[in-house]
Amino acid sequence: VQLQACGGGLVQAGGSLRLSCAASGLTFSSYAMVWFRQAPGKEREFVAAKSWSGGSTYYADSVKGRFTISRDNAKNTVYLQMNSLKPEDTAVYYCAASAYSGSYLMTARRMHYWGSGTQVTVSS
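Residues numbered from 1 in each chain as written. Predicted model: local features only at pLDDT ≥ 70, side-chain atom pairs only at ≥ 80, totals over all residues. Heavy atoms only, no water.

Bringing the environment of Gly54 into the picture now. Within the fold, Gly54 resides in the loop between β5 (45-50) and β6 (57-59). A sequence separation of 43 residues divides Gly54 from Val11, and the C-alpha atoms of the two residues are 29 Å apart. (Helix = DSSP H or I, 4+ residues; strand = E, 2+ residues; numbered from the N terminus.)

Another aspect to go through is the pattern of salt bridges. A side chain with one charge may pair with a side chain of the opposite charge, provided their charged atoms come close. Evaluation of the coordinates by the stated rule reveals four salt bridges. Between Arg37 and Glu45 there is a salt bridge, with the nearest N and O atoms lying 2.6 Å from each other. Assessed through its relative accessible area of 5%, Arg37 is described here as buried. With a relative accessible area of 35%, Glu45 lands in the partly exposed category. In this structure, Arg66 and Asp89 form a salt bridge, with 2.7 Å as the shortest nitrogen-oxygen distance. One end of the pair, Arg66, is in the loop between β6 and β7 (67-72); the other, Asp89, is in the loop between β8 (77-82) and β9 (91-98), with 23 residues separating them in the sequence. (Salt bridge = Lys/Arg side-chain N within 4 Å of Asp/Glu carboxyl O. Buried < 20%, exposed > 50% of the residue type's maximum accessible area, 1.4 Å probe, protein only.)

The full count for this structure, using the stated rule, is one disulfide. Between the sulfur atoms of Cys21 and its disulfide mate Cys95 the distance is 2.0 Å. In this structure the cystine formed by Cys21 and Cys95 twists about its S-S bond by roughly 55°; its chirality is therefore right-handed. Residue Cys21 is located in strand β3 (residues 17-24), and its partner Cys95 is located in strand β9; the two are separated by 74 residues in the primary sequence. No difference in accessibility class separates Cys21 from Cys95, as the two residues are buried. Not part of a disulfide, Cys6 finds its nearest cysteine sulfur in Cys21, a span of 8.4 Å. (Disulfide = S-S within 2.5 Å.)

Before going further, it helps to examine the nonpolar core. Leu3, Trp35, Val47, Phe67, Leu80, Met82 and Tyr93 are the most contacted members of the largest nonpolar core, which totals 37 residues. Elements supplying a minimum of two residues to this core: β1 (2-6), β3, β4 (32-38), β5, β7, β8, β9 and β10 (113-123). Those residues in contact with Val47 that sit more than four places away from it in its chain are Trp35, Phe36, Arg37, Tyr58, Tyr59, Ala60, Val63, Phe67, Leu80 and Tyr93. (Core = buried A, V, L, I, M, F, W, Y, C linked by side-chain atoms within 4.5 Å. Contact = heavy atoms within 4.5 Å.)

Here we come to the sheet that holds β1. Strand order in this open sheet of four strands is β1-β3-β8-β7, and the pairing throughout is antiparallel. At either end of the open sheet lies a strand with only one pairing partner, and these are β1 and β7. Going across the sheet, the axis of each strand differs from the next one's by a mean of 15°, ignoring polarity. (Pairing = 2+ DSSP bridges. Axes fitted to C-alpha atoms, helices over the stretch in contact; angles between N-to-C directions.)

Position of Thr68 among the secondary structure elements: in strand β7. With 34 residues separating them in the primary sequence, Thr68 and Gly102 have C-alpha atoms 17 Å apart.

The subject of this paragraph is the packing of aromatic side chains. This structure, assessed with the given rule, holds five aromatic pairs. The interplanar angle of 65° and the centroid separation of 5.8 Å between the aromatic rings of Tyr31 and Tyr113 together place this pair among those described as edge-to-face. Placement of the pair is Tyr31 in the loop between β3 and β4 and Tyr113 in strand β10, with a sequence separation of 82 residues. Given the relative accessible area of 17%, Tyr31 is considered buried. (Phe/Tyr/Trp six-rings, centres within 6.5 Å; stacked < 30°, edge-to-face > 60°.)

So this is what it looks like as structure tokens:
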């Protein structure tokens, strides 16, 4: 199984980025897809999740109204559109796949597969 994240970069506060995570080696449509992030010196934290069907979506309070998670099961890809970025959004962003559902998706240890990270840096 491979989850390859890309799309990170350096952006000014208030700007936007779109992250992508392409999956292979798994039945993509059977897994919820989740984004986590980890800032230096901090624990990995939940950002957003989309259920396998796309019918349920979850966001961390810190990103609600600014970030949008979406998935394209035909392309085996999950996206994270990040708008109105803030310096505190600076982190390495990771995509993950989980066979769990609901609130379990907000917990890193409930992920079955992890992808590579992509650095997002927001300057003030």
